[in-house]
Amino acid sequence: MRRGWWAALALGLLRLCLVQANFAPHFFDNGVGSTNGNMALFSLSEDTPVGSHVYTLNGTDPEGDPISYHISFDPSTRSVFSVDPTFGNITLVEELDREREDEIEAIISISDGLNLVTEKVVILVTDANDEAPRFIQEPYIVLVPEDIPAGSSIFKVHAVDRDTGSGGSVTYFLQNLHSPFAVDRHSGVLRLQSGATLDYERSRTHYITVVAKDGGGRLHGADVVFSATTTVTVNVEDVQDMAPVFVGTPYYGYVYEDTLPGSEVLKVVAMDGDWGKPNPILYSLVNDTDDRNPFYGDFPRQYRRAFIDTTPLRLPVALCRISGCFSVTGSDGAFEINETSGDISVMQSPAQLQREVYELHVQVTEISPVGSPAAQAIVPVTIRIVDLNNHPPTFYGESGPQNRFELSMNEHPPQGEILRGLKITVNDSDQGANAKFNLQLVGARGIFRVVPQTVLNEAQVTIIVENSAAIDFEKSKVLTFKLLAVEVNTPEKFSSTADVVIQLLDTNDNIPKFNSHYYVARIPENAPGGSSVVAVTAVDPDTGHWGEVKYSIYGTGADLFLIHPSTGLIYTQPWASLDAEATARYNFFVKAEDMEGKYSIAEVFITLSDVNDHCPQFGNSIQKKTMVLGAPVKIEAIDEDAEEPNNLVDYSITHAEPANVFDIDAHTGEIWLKNSIRSLDALHNITPGRDCIWSLEVQAKDRGSPSFSTTALLKIDITDAETLSRSPMAAFLIQTKDNPMKAVGLLASTMATVVAITVLISTATFWRNKKSNKVLPVRRVVRKRSAPAPRTIRIEWLKSKSAKAATKFVLKEKPNENCNNNSPESSLPPRAPALPPPPSMAPSTGAAHWTVPTVSGSLTPQQSQLPPNPKTMGSPVQSTLISELKQKFEKSMHSKAYF
């Protein structure tokens with residue numbers, strides 16, 4: 001009893017120890033590069049898409065209990081991954097950015113329900129090329145002096161790329177390849193290119209677009225390259241390298257009758273050509289009549305005027321740096337200038353002034369920062385002494401005042417061309433506002449324009465072509481208009497006019513033009529060679545030899561035609577033979593060309609009018625037809641003429657015996673029995689010999705003028721539908737029931753022929769095999785039998801006596817008669833145009849047909865010498881069946897050959 005209690009206690013303690021000895025689960029450590037385990041040394045690219053499965057936690061429990069996985073992050077950081085507790089699949093749930101966070105710390109754990117094991121892991125974020133270069137220290141503004149030497153460095157740009165490797169390397173280049181600047185691709189240093197210069201006066205600012213590009217890399221599985229641009233503003237600093245410049249030139253001043261001495265006449269304005277850092281300037285007058293003026297020095301008087309006219313704005317600095325020239329008073333003391341403001345004043349009363357026009361020369365001099373004269377420039381100033389408004393504007397030519405100007409010029413001058421042959425000057429001798437007037441053209445609006453339109457005192461008149469198309473010799477040989485000058489601001493509004501007459505000279509500016517784009521002509525096909533067809537006309541408005549037109553034709557249809565090169569008359573070739581049946585229409589082109597090769601083209605359509613020069617033609621002069629009661633047979637003739645009514649054919653029965661059996665449709669050629677004949681018995685009752693084959697003479701006549709006709713012999717075999725539907729054997733037996741020997745003879749001949757052919761083939765095969773000592777397969781030699789001579793096939797024993805009824809009609813030719821038999825008044829009817837010879841026919845390989853010449857004629861019944869024998873006539877059914885059997889047998893004999 002006591003032992004049992006100790007055993008139970010020991011067993012319980014053992015179980016309690018086993019329960020408390022449950023071992024904890026653990027992760028697998030699969031090392032670098034593994035995608036499952038405990039994430040030891042795991043790295044992930046920053047461009048991995050969100051939602052991607054990136055890793056699998058993998059571990060085990062010693063007892064084999066189910067395990068679960070967990071991942072957590074520091075509360076101050078974001079949760080980048082999530083994990084499937086059951087399978088351990090880790091999914092990326094937040095975007096990665098290596099530049100912001102290159103390592104991610106996480107706590108992973110594995111649990112079997114009782115034990116929890118945690119590990120701290122660090123996930124490395126690897127770089128992808130997802131950053132673009134970025135310029136720093138923007139904006140870039142640089143001040144560069146304009147005299148900087150070529151090749152000098154002016155600035156350095158700097159861009160950074162936070163990527164690593166090739167994606168973080170940056171190179172530079174300029175977007176504008178034609179810029180005067182260049183950039184070092186590695187350092188970003190901007191330089192002025194070799195041979196390039198800067199000019200403040202031409203361009204004060206340059207904008208340089210610099211592109212920074214990384215070295216490229218992989219992003220989301222693709223190769224990408226990022227770039228960035230920036231603009232460098234280069235401000236050019238002015239340097240003293242330009243002479244002074246006058247503004248508002250040319251200068252004109254006026255002294256009126258009421259002007260007081262000391263009054264300002266006009267003001268000249270000059271400024272330093274270096275606008276960035278201008279120097280002060282001083283004005284002075286240079287007296288062109290003072291031989292002792294230091295500006296001229298020892299220049300001879302005859303060269304001073306030319307020197308001043310050629311250098312009115314700028315003079316070399318070395319030439320103009322002359323001391324003592326700032327206080328010179330010009331024009332004999334009549335005018336003075338303020339050296340700082342540039343105001344020119346008159347120092348005498350208008351009555352004391354000796355001349356009507358004064359030519360002054362104003363000199364401007366820069367003062368350098370050290371106080372010495374620098375660059376200088378000279379400008380002419382014209383001052384007029386203005387009197388009362390007592391002169392109208394006046395036009396002048398080369399020889400003085402003139403109110404008519406003439407000019408010769410070619411038509412259609414270029415747009416904007418100046419009429420250089422017109423040398424016109426307009427002048428108003430008054431002064432000031434009295435000498436201001438407008439110029440305009442009267443009668444030439446839109447064709448010419450005048451320059452200038454507003455004149456002060458005097459101007460050279462220029463007339464410019466405005467509308468070249470309107471200056472056309474063909475429209476008007478002479479252009480006349482007026483040149484009008486009218487004062488603007490005077491109460492008198494004085495004006496004057498001058499006539500301008502322009503004689504236009506013709507040029508080859510037009511092409512020949514046909515009076516129609518198409519020419520249509522119609523000529524008869526029997527027109528002789530050299531016949532006129534149509535006359536084409538083209539007109540060239542130009543004159544003289546420019547307007548001469550030469551005609552020619554070309555095209556596929558022009559071979560049979562000629563054209564007169566001067567008159568444009570189209571006619572047929574002398575040897576041409578036209579045929580409307582061969583070619584009814586011709587189409588070609590006609591060309592009108594002037595002496596310089598300018599041309600136009602028209603199209604010519606020529607139609608041949610048909611002439612009745614063909615007779616209707618039957619396929620065969622003797623034709624055989626089988627007519628079934630109740631259905632017509634048709635005969636057809638073809639007229640090869642090209643047009644109606646020449647090719648329309650009418651049909652008629654010219655001879656038949658008896659004459660009351662058949663009718664014919666005159667238009668279609670259909671032949672049928674008269675309505676009163678409804679059976680073979682009725683037909684036999686009205687036929688003397690109870691024949692089944694009838695012969696008709698049918699005439700085909702065209703509707704042309706003159707008319708032509710042709711006849712043919714038609715043999716008609718008449719049967720009924722019941723007889724036609726029987727089998728050939730039945731028809732044959734019915735046909736031979738009155739003459740059994742005929743059937744026996746036919747069968748015996750057929751069998752003898754087959755036996756003979758078999759014996760011949762067997763004998764030939766035997767001897768051939770015997771000679772070659774070989775047993776060869778039996779061959780069947782099929783050879784075409786030579787065609788029999790014409791009209792030699794006669795199967796007399798198949799002919800029925802009843803078929804002899806067709807011999808009642810014979811074709812009698814009328815002497816001295818052509819195919820036209822419709823002119824009873826004349827024994828020789830008019831001849832039709834000669835037809836080409838018929839094509840040669842290949843020799844026929846079949847049975848020859850019985851042919852009769854296709855000429856006009858008549859059929860005369862042949863009187864039988866013997867009365868008909870009823871025993872030999874046979875019934876109509878027998879006659880029909882014999883005829884059909886004979887035709888089939890002949891066809892079979894022609895199609896089967898064994899030799």
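Cut-offs and rules
Residues numbered from 1 in each chain as written. Predicted model: local features only at pLDDT ≥ 70, side-chain atom pairs only at ≥ 80, totals over all residues. Heavy atoms only, no water. Helix = DSSP H or I, 4+ residues; strand = E, 2+ residues; numbered from the N terminus. Buried < 20%, exposed > 50% of the residue type's maximum accessible area, 1.4 Å probe, protein only. Pairing = 2+ DSSP bridges. Axes fitted to C-alpha atoms, helices over the stretch in contact; angles between N-to-C directions. Core = buried A, V, L, I, M, F, W, Y, C linked by side-chain atoms within 4.5 Å. Contact = heavy atoms within 4.5 Å. Lys, Arg positive; Asp, Glu negative; His and termini not counted. Salt bridge = Lys/Arg side-chain N within 4 Å of Asp/Glu carboxyl O. Phe/Tyr/Trp six-rings, centres within 6.5 Å; stacked < 30°, edge-to-face > 60°. Lys NZ or Arg CZ within 6 Å of the ring centre and 35° of its normal. Patch = residues over 30% accessible without salt bridge, like charges linked within 9 Å, V, L, I, M, F, W, Y side chains within 5 Å. Areas by Shrake-Rupley, 256 points an atom, 1.4 Å probe, with all protein chains shown as cover. Polar contact = N/O pair within 3.5 Å; in protein donor to acceptor, adjacent residues only side chain to side chain. pLDDT = per-residue confidence, 0-100.

Attention shifts here to the overall build of the protein chain. Within the protein chain, the regular secondary structure consists of nine helices and 60 strands. Taken across its 899 residues, the protein chain has 39% of its residues classed as buried.

Here we have four strands laid out as an open sheet, ordered E23-E30-E29-E26, and mixed in their pairing. Only two strands of the sheet have a single partner each, and these edge strands are strand E23 (251–255) and strand E26 (281–286). The average undirected angle you get between the axes of adjacent strands in this sheet is 30 degrees. One ladder, built from six bridges, connects E26 with strand E29 (residues 357–367); its direction is antiparallel.

This part takes up the sheet that holds strand E32 (residues 400–401). Read across the open sheet, the five strands follow the order E32-E31-E34-E38-E36; overall the sheet is antiparallel. Lying at the two open borders of the sheet, with one neighbouring strand each, are E32 and strand E36 (448–451). Note that E36 and strand E38 (residues 458–465) share four bridges and pair antiparallel. Paired with Arg-449 across the strands is Ile-464, a residue of E38.

Judged by nonpolar contacts, the single largest core of 30 residues is most densely connected at Phe-395, Leu-419, Val-426, Leu-439, Phe-448, Leu-483 and Ile-502. Those residues in contact with Leu-439 that sit more than four places away from it in its chain are Phe-395, Val-426, Val-450, Pro-452, Gln-453, Val-455, Val-461, Leu-484 and Ala-485. By size, the runner-up hydrophobic cluster in this structure holds 27 residues, among which are Ile-523, Leu-578, Tyr-586 and Ala-592.

This brings us to the side chain of Asp-97. Its location among the elements puts Asp-97 in the loop between strand E8 (89–92) and strand E9 (103–111). Salt bridges are absent for the buried Asp-97, whose nearest opposite-charge side chain, Arg-100, sits at 4.6 Å. The contact partners of Asp-97, leaving out residues within four places of it in the chain, are Glu-46, Arg-78, Asp-130 and Glu-131.

Moving on, we come to the packing of aromatic side chains. Per the counting criterion, the structure on display carries 16 aromatic pairs. Each residue in the set Phe-135, Tyr-140, Phe-155 and Tyr-172 is aromatic and connected to the rest through ring pairs, giving one cluster. The positively charged end of Lys-477 is found above the aromatic ring belonging to Phe-473, 5.0 Å away from the centroid. Over the face of the ring belonging to Tyr-599 we find Lys-591, whose NZ or CZ atom lies 4.4 Å from the ring centre.

Overall, the coordinates contain 14 salt bridges when judged by the stated rule. Note that Arg-98 is salt-bridged to Glu-99, the shortest N-O span being 3.2 Å. Exposure class is identical for Arg-98 and Glu-99. Each is buried. Ionic pairing is found between Arg-162 and Glu-131, a salt bridge with its closest N-O pair at 3.4 Å. Remark: Glu-131 occurs in the loop between strand E10 (116–126) and strand E11 (134–135) and Arg-162 occurs in the loop between strand E14 (159–160) and strand E15 (170–174); sequence separation between them is 31 residues. Classification of Arg-162 as partly exposed rests on a relative accessible area of 48%. Residues joined by salt bridges that share partners form a network here, namely Arg-78, Glu-94 and Glu-101.

As a further point, take unusual backbone geometry. In this model, Thr-249 is joined to Pro-250 through a cis peptide bond whose omega is -5 degrees. Take Pro-250: it is sitting in the loop between strand E22 (245–247) and E23. Even without being glycine, Lys-493 reaches a positive phi, approximately 55 degrees. Along the polypeptide, Lys-493 turns up in the loop between strand E39 (478–487) and strand E40 (495–505). Judged by its relative accessible area of 42%, Lys-493 is partly exposed.

A cluster of nonpolar side chains, Trp-5, Trp-6, Leu-9 and Leu-13, forms an exposed patch at the surface whose accessible area comes to about 460 Å². Take Trp-6: it is sitting in helix H1 (residues 2–20).

Moving on, we get to the environment of Tyr-651. Among the secondary structure elements, Tyr-651 is positioned in strand E54 (residues 649–656). For Tyr-651, a relative accessible area of 7% gives the class buried. Not counting residues up to four positions away in its chain, the partners in contact with Tyr-651 are Phe-618, Ile-635, Glu-636, Ala-637, Ile-664, Asp-665, Ala-666, His-667, Thr-668, Gly-669, Gln-699 and Ala-700. There is a polar contact of 3.0 Å between the side chain of Tyr-651 and the backbone nitrogen of Ala-637.

Below, the discussion takes up the confidence of the model for the protein chain. Within the protein chain, residue pLDDT values average 76, and 76% of them lie at 70 or more. Note on residues 774–882: pLDDT under 50 across the span, and 159 contacts to partners over four residues away in sequence or across chains. For the stretch residues 892–899, pLDDT sits under 50, and the model shows 16 contacts to residues farther than four places along the chain or on other chains.

For the rest of this paragraph, the subject is the pairing of E38. As defined by bridge partners, strand E34 (residues 424–427) adjoins E38 across four bridges and the pair is classed as antiparallel. The residue of E38 that forms the bridge with Val-426 is Ala-459.

Another aspect to go through is the side chain of Ser-111. Among the structural elements, Ser-111 can be located in strand E9. Within the local environment of Ser-111, its side chain forms a polar contact with the backbone nitrogen of Gly-113, the two atoms lying 3.1 Å apart.

For E15, the buried fraction is high: four of the five residues fall into the buried class. Where E15 meets strand E18 (residues 205–214), five bridges bridge the pair, whose relative direction is antiparallel. In the strand pairing of E18, Val-170 is matched with Asp-214.

Moving on to the environment of Asp-74. With respect to the helices, strands and loops of the structure, Asp-74 is situated in the loop between strand E6 (68–72) and strand E7 (81–83). Residue classification places Asp-74 among the partly exposed residues on the basis of a relative accessible area of 43%. Along the primary structure Asp-74 and Ile-107 are separated by 33 residues, whereas in three dimensions their C-alpha atoms are 8.4 Å apart.

Along the chain, Thr-340 falls in the loop between strand E27 (335–337) and strand E28 (343–346). Judged by its relative accessible area of 55%, Thr-340 is exposed. Put simply, Thr-340 and Leu-282 are 58 residues apart on the chain and 5.3 Å apart in space, counted from C-alpha to C-alpha. Residues within four places of Thr-340 in sequence aside, it is in contact with Leu-282 and Tyr-283. Side chain to side chain, Thr-340 and Asn-338 meet in a polar contact 2.8 Å long.

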